[in-house]
Amino acid sequence: MDSSSLSQFLENTHLNSAEVKRRRLTLYFISYIGGIIMAVLAAKNLVRGDHFLAFWLGLFSFSVFANAALSHIFKNNNIFYYIAGCIVTAMVAVISVTGGYHDTGLHFVYPLILIQIIIVRFRAAIFYVTGTVGAVAFIVYHQESIPATYRAEDVSRFLIALGCFITVAFISEYFWHKSRKEMLTDNLEKLRQANSDPLTKVPNRRFLESVYFERAIKNPADYFPLSVVVVDIDYFKKINDNYGHDVGDRVLINVATLMKKAIRATDVVSRTGGEEFLILYPKTTLSMAVKLAEKIRVEIESSPFIEGDIHHPITASFGVATALTDANINATVKLADEHLYEAKGAGRNRVM
Ligand SMILES: Nc1nc2c(ncn2[C@@H]2O[C@H](COP(=O)(O)OP(=O)(O)OP(=O)(O)O)[C@@H](O)[C@H]2O)c(=O)[nH]1
(Lines give C-alpha, C1' and ligand atoms only; values in the text may rest on other atoms or scores of the structure.)
Protein backbone atom coordinates (compact mmCIF):
# COMPACT_ATOMS: atom_id res chain seq x y z
CA MET A 1 0.00 0.00 0.00
CA ASP A 2 1.66 3.22 -1.14
CA SER A 3 1.07 6.71 0.21
CA SER A 4 -1.83 7.53 -2.14
CA SER A 5 -3.58 4.17 -1.55
CA LEU A 6 -3.18 4.76 2.20
CA SER A 7 -4.79 8.21 1.83
CA GLN A 8 -7.57 6.66 -0.26
CA PHE A 9 -8.14 3.94 2.35
CA LEU A 10 -8.25 6.49 5.19
CA GLU A 11 -10.54 8.79 3.19
CA ASN A 12 -12.97 5.96 2.51
CA THR A 13 -12.85 4.71 6.09
CA HIS A 14 -13.04 7.95 8.07
CA LEU A 15 -13.75 11.08 6.08
CA ASN A 16 -16.12 9.80 3.40
CA SER A 17 -18.20 7.90 5.92
CA ALA A 18 -18.60 11.14 7.94
CA GLU A 19 -19.68 12.97 4.77
CA VAL A 20 -22.13 10.20 3.80
CA LYS A 21 -23.60 10.35 7.32
CA ARG A 22 -23.96 14.15 7.15
CA ARG A 23 -25.78 14.01 3.79
CA ARG A 24 -28.02 11.18 4.90
CA LEU A 25 -29.03 12.93 8.14
CA THR A 26 -29.72 16.13 6.19
CA LEU A 27 -32.02 14.18 3.85
CA TYR A 28 -33.85 12.52 6.78
CA PHE A 29 -34.37 15.74 8.75
CA ILE A 30 -35.50 17.80 5.77
CA SER A 31 -37.77 14.98 4.53
CA TYR A 32 -39.46 14.31 7.84
CA ILE A 33 -39.90 17.95 8.85
CA GLY A 34 -40.94 18.93 5.28
CA GLY A 35 -43.27 15.94 5.05
CA ILE A 36 -45.04 16.92 8.28
CA ILE A 37 -45.39 20.58 7.18
CA MET A 38 -46.87 19.47 3.85
CA ALA A 39 -49.28 17.08 5.55
CA VAL A 40 -50.48 19.94 7.79
CA LEU A 41 -50.86 22.29 4.80
CA ALA A 42 -52.71 19.53 2.88
CA ALA A 43 -55.18 19.23 5.79
CA LYS A 44 -55.63 23.02 5.97
CA ASN A 45 -56.30 23.26 2.24
CA LEU A 46 -58.74 20.36 2.48
CA VAL A 47 -60.64 22.23 5.21
CA ARG A 48 -60.79 25.45 3.19
CA GLY A 49 -62.07 23.50 0.17
CA ASP A 50 -59.05 23.56 -2.18
CA HIS A 51 -59.16 19.83 -2.93
CA PHE A 52 -56.80 20.07 -5.86
CA LEU A 53 -53.95 21.63 -3.84
CA ALA A 54 -54.76 19.42 -0.83
CA PHE A 55 -54.40 16.33 -3.04
CA TRP A 56 -51.03 17.41 -4.39
CA LEU A 57 -49.66 18.44 -0.99
CA GLY A 58 -50.81 15.09 0.43
CA LEU A 59 -49.14 13.26 -2.43
CA PHE A 60 -45.88 15.21 -1.98
CA SER A 61 -45.95 14.57 1.76
CA PHE A 62 -46.37 10.84 1.11
CA SER A 63 -43.61 10.89 -1.56
CA VAL A 64 -41.01 12.53 0.68
CA PHE A 65 -41.80 10.13 3.54
CA ALA A 66 -41.62 7.13 1.18
CA ASN A 67 -38.37 8.42 -0.36
CA ALA A 68 -36.76 8.89 3.07
CA ALA A 69 -38.02 5.48 4.24
CA LEU A 70 -36.58 3.76 1.14
CA SER A 71 -33.25 5.54 1.67
CA HIS A 72 -33.16 3.96 5.17
CA ILE A 73 -33.46 0.54 3.53
CA PHE A 74 -31.11 1.06 0.53
CA LYS A 75 -28.45 2.91 2.49
CA ASN A 76 -25.75 2.94 -0.21
CA ASN A 77 -27.91 4.34 -2.97
CA ASN A 78 -27.58 8.03 -3.91
CA ILE A 79 -30.69 8.05 -6.09
CA PHE A 80 -32.88 9.22 -3.17
CA TYR A 81 -31.16 12.64 -3.07
CA TYR A 82 -31.98 13.13 -6.75
CA ILE A 83 -35.55 11.89 -6.29
CA ALA A 84 -35.97 14.42 -3.43
CA GLY A 85 -34.67 17.12 -5.80
CA CYS A 86 -37.28 16.09 -8.42
CA ILE A 87 -40.08 16.13 -5.83
CA VAL A 88 -39.08 19.71 -4.96
CA THR A 89 -39.28 20.75 -8.65
CA ALA A 90 -42.75 19.17 -8.93
CA MET A 91 -43.89 20.90 -5.71
CA VAL A 92 -42.70 24.29 -6.92
CA ALA A 93 -44.53 23.74 -10.23
CA VAL A 94 -47.82 22.75 -8.49
CA ILE A 95 -47.61 25.66 -6.02
CA SER A 96 -46.98 28.10 -8.89
CA VAL A 97 -49.88 26.69 -10.95
CA THR A 98 -52.46 26.68 -8.12
CA GLY A 99 -51.19 29.86 -6.44
CA GLY A 100 -51.95 28.44 -2.98
CA TYR A 101 -53.89 30.47 -0.38
CA HIS A 102 -55.03 33.76 -2.04
CA ASP A 103 -52.28 33.32 -4.67
CA THR A 104 -49.53 33.74 -2.07
CA GLY A 105 -47.94 30.32 -2.65
CA LEU A 106 -44.88 31.75 -4.47
CA HIS A 107 -43.39 32.66 -1.06
CA PHE A 108 -42.79 28.93 -0.49
CA VAL A 109 -40.55 28.76 -3.56
CA TYR A 110 -37.61 30.30 -1.62
CA PRO A 111 -37.23 27.61 1.06
CA LEU A 112 -37.93 24.88 -1.50
CA ILE A 113 -35.14 26.09 -3.78
CA LEU A 114 -32.80 26.24 -0.79
CA ILE A 115 -33.70 22.63 0.07
CA GLN A 116 -32.91 21.63 -3.50
CA ILE A 117 -29.49 23.29 -3.32
CA ILE A 118 -28.71 21.60 0.00
CA ILE A 119 -29.94 18.11 -0.86
CA VAL A 120 -28.64 17.64 -4.38
CA ARG A 121 -24.87 17.96 -4.78
CA PHE A 122 -23.49 21.38 -5.78
CA ARG A 123 -23.01 20.73 -9.53
CA ALA A 124 -26.24 18.78 -9.98
CA ALA A 125 -28.06 21.54 -8.02
CA ILE A 126 -27.15 24.04 -10.76
CA PHE A 127 -29.17 21.96 -13.28
CA TYR A 128 -32.01 21.24 -10.86
CA VAL A 129 -32.41 24.87 -9.81
CA THR A 130 -32.20 26.08 -13.44
CA GLY A 131 -34.97 23.61 -14.35
CA THR A 132 -37.13 24.60 -11.37
CA VAL A 133 -36.76 28.36 -11.95
CA GLY A 134 -37.37 27.83 -15.68
CA ALA A 135 -40.62 26.00 -14.87
CA VAL A 136 -41.77 28.75 -12.45
CA ALA A 137 -40.92 31.53 -14.92
CA PHE A 138 -42.81 29.71 -17.68
CA ILE A 139 -45.86 29.23 -15.43
CA VAL A 140 -46.04 32.80 -14.11
CA TYR A 141 -45.71 34.22 -17.62
CA HIS A 142 -48.48 31.93 -18.96
CA GLN A 143 -51.20 32.71 -16.45
CA GLU A 144 -53.97 32.42 -19.05
CA SER A 145 -53.87 28.60 -18.71
CA ILE A 146 -53.51 28.25 -14.88
CA PRO A 147 -55.93 28.79 -11.94
CA ALA A 148 -53.57 31.25 -10.15
CA THR A 149 -53.54 34.97 -10.84
CA TYR A 150 -50.39 36.96 -10.13
CA ARG A 151 -50.00 40.70 -10.63
CA ALA A 152 -47.37 41.62 -13.27
CA GLU A 153 -45.35 43.73 -10.78
CA ASP A 154 -45.41 40.90 -8.20
CA VAL A 155 -44.17 38.46 -10.82
CA SER A 156 -41.22 40.62 -11.89
CA ARG A 157 -40.24 41.37 -8.26
CA PHE A 158 -40.62 37.71 -7.31
CA LEU A 159 -38.32 36.59 -10.13
CA ILE A 160 -35.71 39.28 -9.39
CA ALA A 161 -35.77 38.47 -5.66
CA LEU A 162 -35.57 34.73 -6.47
CA GLY A 163 -32.57 35.36 -8.73
CA CYS A 164 -30.80 37.31 -5.94
CA PHE A 165 -31.68 34.63 -3.40
CA ILE A 166 -30.32 31.81 -5.61
CA THR A 167 -27.12 33.72 -6.36
CA VAL A 168 -26.45 34.32 -2.66
CA ALA A 169 -27.34 30.70 -1.79
CA PHE A 170 -24.96 29.32 -4.46
CA ILE A 171 -22.13 31.70 -3.46
CA SER A 172 -22.44 30.59 0.16
CA GLU A 173 -22.67 26.90 -0.83
CA TYR A 174 -19.62 27.28 -3.09
CA PHE A 175 -17.40 28.78 -0.40
CA TRP A 176 -18.71 26.38 2.22
CA HIS A 177 -17.82 23.46 -0.05
CA LYS A 178 -14.41 24.95 -0.85
CA SER A 179 -13.48 25.46 2.81
CA ARG A 180 -14.82 22.00 3.69
CA LYS A 181 -12.72 20.45 0.93
CA GLU A 182 -9.60 22.25 2.18
CA MET A 183 -10.34 21.12 5.72
CA LEU A 184 -10.82 17.52 4.54
CA THR A 185 -7.54 17.58 2.59
CA ASP A 186 -5.80 18.95 5.68
CA ASN A 187 -7.38 16.31 7.94
CA LEU A 188 -6.53 13.58 5.46
CA GLU A 189 -2.87 14.62 5.44
CA LYS A 190 -2.80 14.61 9.27
CA LEU A 191 -4.47 11.20 9.32
CA ARG A 192 -2.01 9.89 6.73
CA GLN A 193 0.94 11.10 8.80
CA ALA A 194 -0.47 9.61 12.01
CA ASN A 195 -0.98 6.26 10.27
CA SER A 196 2.31 5.87 8.42
CA ASP A 197 5.93 5.34 9.28
CA PRO A 198 7.95 8.49 8.43
CA LEU A 199 11.06 6.49 7.42
CA THR A 200 9.69 3.83 5.08
CA LYS A 201 6.37 5.59 4.30
CA VAL A 202 4.44 2.34 4.79
CA PRO A 203 1.46 2.19 7.21
CA ASN A 204 2.30 1.78 10.90
CA ARG A 205 0.88 -0.29 13.77
CA ARG A 206 -1.70 2.41 14.59
CA PHE A 207 -3.13 2.03 11.07
CA LEU A 208 -3.49 -1.72 11.52
CA GLU A 209 -5.16 -1.53 14.91
CA SER A 210 -7.40 1.52 14.54
CA VAL A 211 -8.22 1.47 10.83
CA TYR A 212 -7.50 -1.77 8.98
CA PHE A 213 -8.69 -4.33 11.52
CA GLU A 214 -11.81 -2.25 12.26
CA ARG A 215 -12.64 -2.13 8.58
CA ALA A 216 -12.01 -5.88 8.22
CA ILE A 217 -14.35 -6.57 11.15
CA LYS A 218 -17.05 -4.38 9.55
CA ASN A 219 -16.70 -6.07 6.11
CA PRO A 220 -15.64 -9.66 6.93
CA ALA A 221 -16.61 -11.03 3.50
CA ASP A 222 -13.95 -8.82 1.85
CA TYR A 223 -11.12 -9.76 4.22
CA PHE A 224 -11.36 -13.27 5.66
CA PRO A 225 -9.47 -15.57 5.61
CA LEU A 226 -6.95 -12.86 6.52
CA SER A 227 -3.35 -14.02 6.54
CA VAL A 228 -0.76 -12.25 8.69
CA VAL A 229 2.97 -12.46 7.99
CA VAL A 230 5.39 -11.00 10.54
CA VAL A 231 8.80 -10.22 9.01
CA ASP A 232 11.93 -9.47 11.02
CA ILE A 233 15.29 -8.61 9.43
CA ASP A 234 18.01 -10.95 10.69
CA TYR A 235 20.95 -9.58 12.69
CA PHE A 236 19.91 -6.03 11.93
CA LYS A 237 21.80 -4.72 14.95
CA LYS A 238 25.05 -5.72 13.21
CA ILE A 239 24.23 -3.47 10.26
CA ASN A 240 23.77 -0.50 12.58
CA ASP A 241 26.88 -1.39 14.55
CA ASN A 242 29.07 -1.95 11.47
CA TYR A 243 27.92 0.84 9.15
CA GLY A 244 25.96 3.27 11.30
CA HIS A 245 22.32 4.11 11.87
CA ASP A 246 21.92 5.94 8.52
CA VAL A 247 22.85 2.83 6.58
CA GLY A 248 20.51 0.82 8.81
CA ASP A 249 17.73 3.24 7.88
CA ARG A 250 18.41 2.81 4.18
CA VAL A 251 18.35 -0.98 4.59
CA LEU A 252 14.91 -0.66 6.18
CA ILE A 253 13.72 1.52 3.28
CA ASN A 254 15.10 -0.99 0.73
CA VAL A 255 13.43 -3.96 2.41
CA ALA A 256 10.11 -2.09 2.69
CA THR A 257 10.27 -1.08 -0.98
CA LEU A 258 11.08 -4.64 -2.01
CA MET A 259 8.11 -6.00 -0.04
CA LYS A 260 5.74 -3.31 -1.37
CA LYS A 261 6.68 -4.31 -4.92
CA ALA A 262 6.04 -7.98 -4.17
CA ILE A 263 2.44 -7.62 -2.96
CA ARG A 264 -0.95 -7.06 -4.63
CA ALA A 265 -2.74 -3.70 -4.41
CA THR A 266 -5.12 -5.12 -1.81
CA ASP A 267 -2.32 -6.42 0.47
CA VAL A 268 -0.64 -4.21 3.06
CA VAL A 269 2.98 -3.98 4.19
CA SER A 270 3.31 -2.11 7.47
CA ARG A 271 6.18 -1.34 9.81
CA THR A 272 5.26 -2.44 13.29
CA GLY A 273 8.57 -2.05 15.11
CA GLY A 274 12.29 -1.25 14.64
CA GLU A 275 13.20 -3.86 12.04
CA GLU A 276 9.88 -5.67 12.13
CA PHE A 277 7.22 -5.52 9.43
CA LEU A 278 3.79 -7.06 9.17
CA ILE A 279 2.19 -8.03 5.86
CA LEU A 280 -1.55 -8.54 5.59
CA TYR A 281 -3.02 -10.71 2.86
CA PRO A 282 -6.82 -10.42 2.75
CA LYS A 283 -8.81 -13.34 1.28
CA THR A 284 -5.72 -15.56 1.45
CA THR A 285 -5.42 -19.05 2.92
CA LEU A 286 -2.56 -20.13 5.17
CA SER A 287 -0.89 -22.30 2.50
CA MET A 288 -1.06 -19.45 -0.03
CA ALA A 289 0.35 -16.96 2.52
CA VAL A 290 3.26 -19.31 3.26
CA LYS A 291 4.05 -19.45 -0.47
CA LEU A 292 3.86 -15.63 -0.76
CA ALA A 293 6.10 -15.19 2.31
CA GLU A 294 8.60 -17.66 0.85
CA LYS A 295 8.68 -15.65 -2.39
CA ILE A 296 9.49 -12.47 -0.44
CA ARG A 297 12.09 -14.29 1.67
CA VAL A 298 13.92 -15.39 -1.51
CA GLU A 299 13.63 -11.89 -2.95
CA ILE A 300 15.20 -10.32 0.19
CA GLU A 301 17.93 -12.96 0.29
CA SER A 302 18.84 -12.30 -3.32
CA SER A 303 18.93 -8.49 -2.86
CA PRO A 304 21.99 -7.68 -0.73
CA PHE A 305 22.49 -4.09 0.39
CA ILE A 306 25.04 -2.52 -1.94
CA GLU A 307 26.26 1.05 -1.45
CA GLY A 308 29.80 2.25 -2.15
CA ASP A 309 32.17 -0.20 -0.40
CA ILE A 310 29.32 -1.80 1.51
CA HIS A 311 28.07 -5.14 0.24
CA HIS A 312 25.99 -6.69 2.98
CA PRO A 313 23.77 -9.76 2.60
CA ILE A 314 20.27 -9.24 3.96
CA THR A 315 17.96 -11.99 5.15
CA ALA A 316 14.74 -12.01 7.13
CA SER A 317 12.68 -14.48 9.16
CA PHE A 318 8.93 -14.90 8.72
CA GLY A 319 6.05 -16.03 10.94
CA VAL A 320 2.73 -16.80 9.24
CA ALA A 321 -0.78 -17.32 10.63
CA THR A 322 -4.30 -16.95 9.26
CA ALA A 323 -7.47 -15.57 10.86
CA LEU A 324 -10.50 -17.40 9.51
CA THR A 325 -13.00 -15.07 11.20
CA ASP A 326 -13.00 -11.57 12.65
CA ALA A 327 -13.12 -13.02 16.17
CA ASN A 328 -9.45 -13.99 16.25
CA ILE A 329 -7.37 -11.26 14.61
CA ASN A 330 -5.32 -10.49 17.74
CA ALA A 331 -4.72 -14.16 18.46
CA THR A 332 -3.59 -14.61 14.83
CA VAL A 333 -1.07 -11.76 15.07
CA LYS A 334 0.23 -13.31 18.30
CA LEU A 335 0.49 -16.72 16.64
CA ALA A 336 2.38 -15.25 13.65
CA ASP A 337 4.77 -13.64 16.19
CA GLU A 338 5.31 -17.00 17.88
CA HIS A 339 6.05 -18.58 14.49
CA LEU A 340 8.55 -15.79 13.80
CA TYR A 341 10.40 -16.58 17.02
CA GLU A 342 10.42 -20.25 16.05
CA ALA A 343 11.94 -19.24 12.68
CA LYS A 344 14.60 -17.19 14.50
CA GLY A 345 15.29 -20.08 16.86
CA ALA A 346 15.55 -22.53 13.97
CA GLY A 347 18.41 -20.57 12.41
CA ARG A 348 16.70 -17.51 10.78
CA ASN A 349 16.12 -16.78 7.05
CA ARG A 350 13.06 -19.03 6.92
CA VAL A 351 9.25 -19.03 6.89
CA MET A 352 7.38 -20.83 9.66
N1 LIG B 1 18.78 2.14 11.66
C2 LIG B 1 17.72 1.87 12.43
N3 LIG B 1 17.79 0.92 13.36
C4 LIG B 1 16.73 0.66 14.11
C5 LIG B 1 15.53 1.34 13.96
N6 LIG B 1 14.65 0.85 14.86
C7 LIG B 1 15.28 -0.12 15.55
N8 LIG B 1 16.56 -0.26 15.11
C9 LIG B 1 17.60 -1.15 15.55
O10 LIG B 1 17.26 -2.49 15.22
C11 LIG B 1 18.06 -3.34 16.00
C12 LIG B 1 17.26 -4.55 16.37
O13 LIG B 1 18.12 -5.43 17.00
P14 LIG B 1 17.69 -6.79 17.66
O15 LIG B 1 16.31 -6.63 18.23
O16 LIG B 1 18.77 -7.24 18.57
O17 LIG B 1 17.52 -7.74 16.45
P18 LIG B 1 18.55 -8.28 15.35
O19 LIG B 1 19.91 -7.70 15.52
O20 LIG B 1 17.90 -8.02 14.04
O21 LIG B 1 18.58 -9.79 15.65
P22 LIG B 1 17.51 -10.90 15.31
O23 LIG B 1 16.19 -10.20 15.10
O24 LIG B 1 17.48 -11.79 16.49
O25 LIG B 1 17.95 -11.55 14.07
C26 LIG B 1 18.52 -2.52 17.20
O27 LIG B 1 19.91 -2.28 17.10
C28 LIG B 1 17.75 -1.19 17.06
O29 LIG B 1 18.52 -0.10 17.49
C30 LIG B 1 15.47 2.37 12.96
O31 LIG B 1 14.48 3.04 12.74
N32 LIG B 1 16.59 2.59 12.22
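Residues numbered from 1 in each chain as written. Predicted model: local features only at pLDDT ≥ 70, side-chain atom pairs only at ≥ 80, totals over all residues. Heavy atoms only, no water.

**Thoughts on the confidence of the model for the chain**
In this model, the chain carries an average pLDDT of 94, and 99% of its residues clear a pLDDT of 70 or more. ipTM for the predicted complex: 0.95, alongside a pTM of 0.75. (pLDDT = per-residue confidence, 0-100.)

**Describing unusual backbone geometry**
In this structure, Pro225 follows Phe224 across a cis peptide bond, with omega equal to 5 degrees. As for its position among the elements, Pro225 is in the loop between α8 (220–223) and β1 (226–233). The backbone phi angle of Lys201 is positive, close to 70 degrees, even though this residue is not glycine. Within the fold, Lys201 resides in the loop between α6 (152–194) and α7 (205–218). (Helix = DSSP H or I, 4+ residues; strand = E, 2+ residues; numbered from the N terminus.)

**Comments concerning the pattern of salt bridges**
For the structure on display, the rule yields 15 salt bridges. Residue Asp232 is joined to Lys344 by a salt bridge in which the shortest nitrogen-to-oxygen separation is 2.7 Å. Of the two residues, Asp232 sits in strand β1 while Lys344 sits in helix α12 (residues 329–345), which places them 112 residues apart along the sequence. For Lys344, a relative accessible area of 12% puts it in the buried group. Here Asp241 and Lys237 are joined by a salt bridge, their closest N and O atoms 3.1 Å apart. Remark: Lys237 and Asp241 occur in helix α9 (residues 236–243); sequence separation between them is 4 residues, near one turn of the helix. (Salt bridge = Lys/Arg side-chain N within 4 Å of Asp/Glu carboxyl O. Buried < 20%, exposed > 50% of the residue type's maximum accessible area, 1.4 Å probe, protein only.)

**Description of the nonpolar core**
Of all hydrophobic cores here, the largest spans 39 residues; its most connected members are Leu106, Val109, Ile113 and Tyr150. Secondary structure elements with two or more residues in this core: α1 (3–47), α2 (51–73), α3 (79–98), α4 (109–119), α5 (122–140) and α6. By residue number, the principal contributor to this core is α3, which donates 9 residues. Other than its neighbours up to four places away in sequence, Leu106 contacts Ile95, Ser96, Val136, Val140, Tyr150 and Phe158. Val202, Ile233, Phe277 and Ala316 belong to the second largest nonpolar core, which has 31 residues in total. (Core = buried A, V, L, I, M, F, W, Y, C linked by side-chain atoms within 4.5 Å. Contact = heavy atoms within 4.5 Å.)

**A few points about the packing of aromatic side chains**
This model, assessed by the stated rule, comprises 17 aromatic pairs. With a centroid separation of 5.5 Å and 75 degrees between ring planes, the pair formed by Tyr110 and Phe165 is classed as edge-to-face. Here Phe165 lies in helix α6 and Tyr110 lies in helix α4, a separation of 55 residues in the sequence. Judged by centre distance (6.2 Å) and plane angle (75 degrees), the ring pair of Tyr212 and Phe213 falls under edge-to-face. Both residues of the pair, Tyr212 and Phe213, count as buried. Among the aromatic residues, ring-to-ring pairing joins Phe9, Phe207, Tyr212, Phe213 and Tyr223 into one connected group. (Phe/Tyr/Trp six-rings, centres within 6.5 Å; stacked < 30°, edge-to-face > 60°.)

**Quick look at the UniProt feature "domain: GGDEF" (unreviewed entry) in the chain**
Per the UniProt record, the feature "domain: GGDEF" (unreviewed entry) sits at residues 224–352. Taken end to end, residues 224–352 has its terminal C-alpha atoms 21 Å apart, with 46% of it in helix and 25% in strand. (UniProt positions renumbered as here; feature names shortened; annotations may be inferred.)

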